[in-house]
Amino acid sequence: MRTSALLRWLLTAGAIFGASAAHADGAGSPTPATSTNGEYFDKQGNPTYKIEKDGTVDWYTYIGYTMYGANCLQCHGPDALGSSYAPSLVDALKSLNTSDAMGIIIGGKKNISSSQELVMPSFGLNKNVMCYIDAIYIYLRARSDGALGRGWPDKFEARPANYEKSLNSCLGG
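Below is a summary of the structure that appears in this document. Note that this is a predicted model, so its numbers are computed, not measured.

Some details on the pattern of salt bridges
Next up, step 1: According to the stated counting rule, one finds 5 salt bridges in the structure shown.
Next up, step 2: A salt bridge links D42 to R141; the shortest N-O distance between them is 3.0 Å. Placement of D42 in the loop between β2 (39–41) and β3 (47–48) and of R141 in helix α7 (residues 133–144) is noted, with a sequence separation of 99 residues between them.
Next up, step 3: We note a salt bridge from E164 to R159, for which the minimum N-O separation is 3.7 Å.
Next up, step 4: Take E164: its relative accessible area is 43%, and that puts it in the partly exposed class.

Here we look at the environment of P121
Next up, step 1: The residue P121 is located in the loop between β5 (117–120) and α6 (127–130) in this model.
Next up, step 2: Judged by relative accessible area, P121 falls into the partly exposed class, the value being 45%.
Next up, step 3: Separated by 11 residues in sequence, P121 and K110 place their C-alpha atoms 8.4 Å apart.
Next up, step 4: Contact partners of P121, with chain neighbours within four places excluded, come to I105 and G108.

Details of the packing of helix α5 (residues 98–107) against α7
Next up, step 1: Where α5 contacts α7, the two axes come as close as 11 Å, and the packing angle between them is 125°. Compared by their axis directions, α5 and α7 come out oblique. The element α5 and its partner α7 pack so that their crossing is right-handed. For the pair formed by α5 and α7, the contact residues are T98, A101, M102, I105 and I106 on the first element and I133, D134 and Y137 on the second.
Next up, step 2: The residue inventory of the contact of α5 with α7, partitioned by class, reads 6 nonpolar, 1 polar and 1 charged.

Concerning the sheet that holds β2
Next up, step 1: In spatial order, the strands read β1-β2-β3; together these 3 strands make up an open sheet with antiparallel pairing. The open sheet terminates on both sides in strands that have one partner only, identified here as β1 (34–36) and β3.
Next up, step 2: The pairing of β1 with β2 spans 3 bridges and is antiparallel. Of the residues in β2, the one forming a bridge with S35 is Y40.

Some words on the side chain of N97
Next up, step 1: Counting through the fold element by element, N97 comes out in the loop between α4 (89–92) and α5.
Next up, step 2: On the basis of relative accessible area, N97 is assigned to the buried category, the value being 10%.
Next up, step 3: For N97, the side chain forms a polar contact with the main-chain nitrogen of D100, separated by 2.8 Å.

So, the state of the cysteines
Next up, step 1: On inspection of all chains with the given rule, the structure shows 1 disulfide.
Next up, step 2: Disulfide pairing is shown between C131 and C170; the S-S distance is 2.0 Å. In this structure the cystine formed by C131 and C170 twists about its S-S bond by roughly -90°; its chirality is therefore left-handed. Note that C131 is positioned in the loop between α6 and α7 and C170 in helix α8 (residues 163–171), a separation of 39 residues in sequence.
Next up, step 3: Owing to a relative accessible area of 1%, C131 belongs among the buried residues under this scheme.
Next up, step 4: Looking at C170, the relative accessible area reads 13%, which means it is buried.
Next up, step 5: Among the cysteines around C72, which has no disulfide bond, C75 carries the closest sulfur, lying 8.6 Å off.
Next up, step 6: When its relative accessible area of 15% is taken as the criterion, C72 is described as buried.
Next up, step 7: On the basis of relative accessibility, which here comes to 27%, the residue C75 falls in the partly exposed class.

About the thresholds
- Residues numbered from 1 in each chain as written.
- Predicted model: local features only at pLDDT ≥ 70, side-chain atom pairs only at ≥ 80, totals over all residues.
- Heavy atoms only, no water.
- Salt bridge = Lys/Arg side-chain N within 4 Å of Asp/Glu carboxyl O.
- Helix = DSSP H or I, 4+ residues; strand = E, 2+ residues; numbered from the N terminus.
- Buried < 20%, exposed > 50% of the residue type's maximum accessible area, 1.4 Å probe, protein only.
- Contact = heavy atoms within 4.5 Å.
- Axes fitted to C-alpha atoms, helices over the stretch in contact; angles between N-to-C directions.
- Parallel < 35°, antiparallel > 145°, perpendicular 65-115°, else oblique.
- Left-handed = near helix turned anticlockwise from the far one by under 90°.
- Nonpolar A, V, L, I, M, F, W, Y, C, P; charged D, E, K, R; others polar.
- Pairing = 2+ DSSP bridges.
- Polar contact = N/O pair within 3.5 Å; in protein donor to acceptor, adjacent residues only side chain to side chain.
- Disulfide = S-S within 2.5 Å.

As structure tokens, then:
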């Protein structure tokens, strides 16, 4: 993920502090409008996926699947379908816009009721999440929209030319 994308999300109004502007239709249309270094963005500038008719996914959707498995699966279950411990992200993203979803990843979330206390920790300082936040979101968006099925994507685009350099910069290497 580009550092500028991370800063864009950190500076988005309400992203960290939980101000809500959720829309009933979630993030809106996922159709790619632009692309930078192999990462696709919708007409609002939100990270999005690109899946070809033959099932080939873009690089960021593929890496998002991998990093979801490394950082999110233990709580939210295989294929983002939820578990007895944490909710389905496939369902959750149907009603969250991009800023709200990113805000929860960055700042965490508490949902306390008389019968339970659900807490998602903040990942804002975790480079293994933050350096891949766009990719994780893109994967979850594709799953939530029904554009990507369960399991490992069989075919994916080649790694973008500057991807490793950008990632190493984010990770501090």
